[in-house]
Amino acid sequence: MNNTTQQEQSQQRRREFVRFALEQGVLRFGQFETKSGRLSPYFFNAGLFNSGKSLGTLAQFYADTLMNSGVQFDMLFGPAYKGISLAAATSIALANHPALNGRDVPYAFDRKEAKDHGEGGVLVGAPLEGKVVIIDDVITAGTSVRHSVEVIESQGATPAAVLIAMDRMEKGGNHEEVAAHSAVQEVEQKYGLPVVSIASLNDIMSLLEEDEQFSQHKNAVLAYREKYGA
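Everything numeric here is computed off the predicted structure, so don't read it as measured data. (Residues numbered from 1 in each chain as written. Predicted model: local features only at pLDDT ≥ 70, side-chain atom pairs only at ≥ 80, totals over all residues. Heavy atoms only, no water.)

A. View of the overall build of the protein chain. Counting secondary structure elements, the protein chain contains seven helices and 10 strands. On the principal axes, the C-alpha backbone points of the protein chain span a range of 55 × 45 × 35 Å. Looking at the protein chain as a whole, 42% of its 230 residues are labelled buried. Nonlocal contacts in the protein chain, meaning residues at least 24 apart in sequence, comprise 68% of its contacts between residues at least 6 apart. For the protein chain, the centre of its 21 positive side-chain charges and the centre of its 28 negative side-chain charges are spaced 2 Å apart. (Helix = DSSP H or I, 4+ residues; strand = E, 2+ residues; numbered from the N terminus. Buried < 20%, exposed > 50% of the residue type's maximum accessible area, 1.4 Å probe, protein only. Contact = heavy atoms within 4.5 Å. Lys, Arg positive; Asp, Glu negative; His and termini not counted. Charge placed at Lys NZ, Arg CZ, Asp CG, Glu CD.)

Shown next, in the form of structure tokens:
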């Protein structure tokens, strides 16, 4: 398969994910106030992948994206809370992925608070070993990544990459102050880790440009990207 064909297939898969997110109500257009106080013309909430079928499909997107990224990995780590179900579901999807030839990928996650009985501690699942991929829904401030890196390194393992569903490609800050880089760019620069996303704002823009059904939102998203885009 040549590079052009691979690129076309990757673009098609990313657009399939955007449409899937729309169908599930995870991606919405309108006017939404973010935690930073910005008024965004779109909203992405991966917590709404909340059924067995939708989570299973999401996990397949995660697994395909990771396998196509070229990242070398031994296991997955899901930071509490959203990362827990994502790590578990993606581990299952990877176990059934044809490119892994039956390889069983372990996963682990952490608790918000240490457990003082039973097995104790803050970690649940497989021991953190080798090259570990951190899996989450989005990166907003990078605090979850920082915590995950600390946990992984404390166990003698190596963070290999961060795998997310959507890269908003948006500079940090608030509605008045705009940072120089996006949270994703800051993570890549600070930790030297690749951030791999199933889709990004570019893929949302492609949908708005190609599908008349959503074309009325194009100018608003474009203006928002010009103001806050990384």
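B. Summary view of the pattern of salt bridges. Counted by the stated rule, this structure contains eight salt bridges. With its nearest N and O atoms 2.9 Å apart, the salt bridge here joins Glu210 to Arg15. Of this pair, Glu210 sits in helix H6 (residues 201-210) while Arg15 sits in helix H1 (residues 3-23); the two residues are 195 residues apart in sequence, bridging distant segments of the chain. Residue classification places Arg15 among the partly exposed residues on the basis of a relative accessible area of 29%. (Salt bridge = Lys/Arg side-chain N within 4 Å of Asp/Glu carboxyl O.)

C. Focus on helix H2 (residues 52-69). The end-to-end C-alpha distance of H2 is 26 Å, a good match for the 26 Å that 18 residues give at a rise of 1.5 Å each. Residues of H2 that are buried: Ser54, Leu58, Ala59, Phe61, Tyr62, Ala63, Thr65 and Leu66. (Expected span 1.5 Å × (residues − 1).)

D. Molecular detail of the side chain of Asp211. For Asp211, the location among the structural elements is in the loop between H6 and helix H7 (218-228). Of the polar contacts made by the side chain of Asp211, one reaches the side chain of Arg19; its length is 3.0 Å. (Polar contact = N/O pair within 3.5 Å; in protein donor to acceptor, adjacent residues only side chain to side chain.)

E. Layout of the packing of H2 against helix H3 (residues 82-95). Contact geometry of H2 with H3 gives a least axis separation of 8 Å together with a crossing angle of 70°. Classified by the angle between their axes, H2 and H3 sit roughly perpendicular to one another. The chirality of how H2 crosses H3 is right-handed. Counting all contacts with H2, which are made through Leu55, Leu58, Ala59, Gln60, Tyr62, Ala63, Leu66 and Met67, the residues of H3 involved are Ser85, Leu86, Ala89, Thr90, Ala93 and Leu94. Tallied by class, the residues present in the contact of H2 with H3 amount to 11 nonpolar, three polar and no charged. (Axes fitted to C-alpha atoms, helices over the stretch in contact; angles between N-to-C directions. Parallel < 35°, antiparallel > 145°, perpendicular 65-115°, else oblique. Left-handed = near helix turned anticlockwise from the far one by under 90°. Nonpolar A, V, L, I, M, F, W, Y, C, P; charged D, E, K, R; others polar.)

F. Representation of the environment of Val187 in the model. The topology assignment puts Val187 in helix H5 (residues 183-191). Residues Val187 and Gln155, 32 residues apart in the sequence, show an inter-C-alpha distance of 21 Å.

G. Expanded view of unusual backbone geometry. For the bond running from Ala80 to Tyr81, omega is 5°, close enough to zero to count as cis. Inspection of the secondary structure assignment puts Tyr81 in the loop between strand E3 (75-78) and H3.

Interpretation note: all reported values are geometric properties and have no functional meaning in isolation.
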